[in-house]
Amino acid sequence: MKVILRSDVSGVGKRGDICDVADGYARNFLVPRGLAMRATPGATAQAASMRRSRDVRDAQDRSAAEAIASKLVPTRITIPVRAGTEGRLFGSVTTADIAEAVATQTGIEIDRKDLRLDEAIKSVGEHLVPARLHTDVEFPITIDVVAQ
């Protein structure tokens, strides 16, 4: 069955896409939850307008993310923490701490979920933390962890 997606559905497509899915999946899951509607000739015109609005919004989000990236890449974010004599921290530096430090030192608000940190930082020194603000915009933030 051909359906038009009303919102992003993982594994199927994005908002405004015309997708061919199994009849049962469309009847029992997508349509009752309001995630999709049947693809009729009138609805395909509506899908085209949904795709255009999605593309415009995506372009705006991408340009905003690139502007933030161009400001954050050359800056060094310094985070003072308590540390022992050998450079190990008492505790750790998490993505929430990094997002808060970025906001206070640069004035740019970043969601902690946009920062990709495999493990919390537990040592003094310079660390590169990758950030992904958009699916196409990923950049490193230089974090300098210093002992208080």
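Now for a look at the structure at hand. As the structure is a computational prediction, the values presented were derived from the model and not from experiment.

Thresholds applied
Within each chain, residue numbers correspond to sequence positions counted from 1 in written order. Local features in a predicted model are, by the rule used here, given only for residues with pLDDT of at least 70; side-chain atom pairs are given and counted only at 80 or more, and totals for whole chains, interfaces and linings are based on all residues. Only hydrogens and water are set aside; all other atoms, that is, all heavy atoms of the structure, feed into the side-chain values. One requirement defines pairing of two strands: DSSP has to find at least two bridges between them. Runs of H or I in DSSP of at least four residues are treated as helices and runs of E of at least two as strands, each being numbered from the N terminus. In this description, a line fitted to the C-alpha atoms serves as the axis of each element, helices being fitted only across the stretch in contact, and the angle between N-to-C directions of two axes falls anywhere from 0 to 180 degrees. Contacts are assigned to residue pairs that have any heavy atoms within 4.5 Å of one another. Any Lys or Arg side-chain nitrogen found within 4 Å of a carboxyl oxygen on Asp or Glu counts as a salt bridge. Each residue is placed in one exposure class: buried if its accessible area under a 1.4 Å probe, protein chains only, is under 20% of its type's maximum, exposed if it is over 50%, and partly exposed if it falls in between.

Points about the sheet that holds strand β1 (residues 2-5)
Taken together, 3 strands build an open sheet; the order of strands is β2-β1-β3 and the sheet is antiparallel. Either end of the sheet is taken by a strand with one partner, and the two such strands are β2 (18-20) and β3 (36-38). Neighbour-to-neighbour, the strand axes of this sheet turn through a mean angle of 40 degrees, independent of strand direction. Pairing geometry for β1 and β3, over 3 bridges, is antiparallel. In the sheet register, Ile4 faces β3, and the bridge partner there is Met37. Contacting β1, β2 and β3, helix α2 (residues 41-72) crosses the sheet at an angle of about 35 degrees to β1.

Let's talk about the environment of Arg38
Of note, Arg38 is situated in strand β3. C-alpha of Arg38 to C-alpha of Asn28: the two residues are 10 residues apart in sequence and 13 Å apart in space. Among all residues touching Arg38, those that are not within four sequence positions of it are Met1, Lys2, Ile4 and Ala43.

A look at the pattern of salt bridges
Within this structure, the stated rule accounts for 7 salt bridges. As a salt-bridge pair, Asp55 and Arg54 come within 3.9 Å of each other at their nearest N and O atoms. Since its relative accessible area comes to 15%, Arg54 is described here as buried. Between Arg132 and Glu138 there is a salt bridge, with its nearest N and O atoms 3.3 Å apart.

Purely spatial values, then, with no claim about function.
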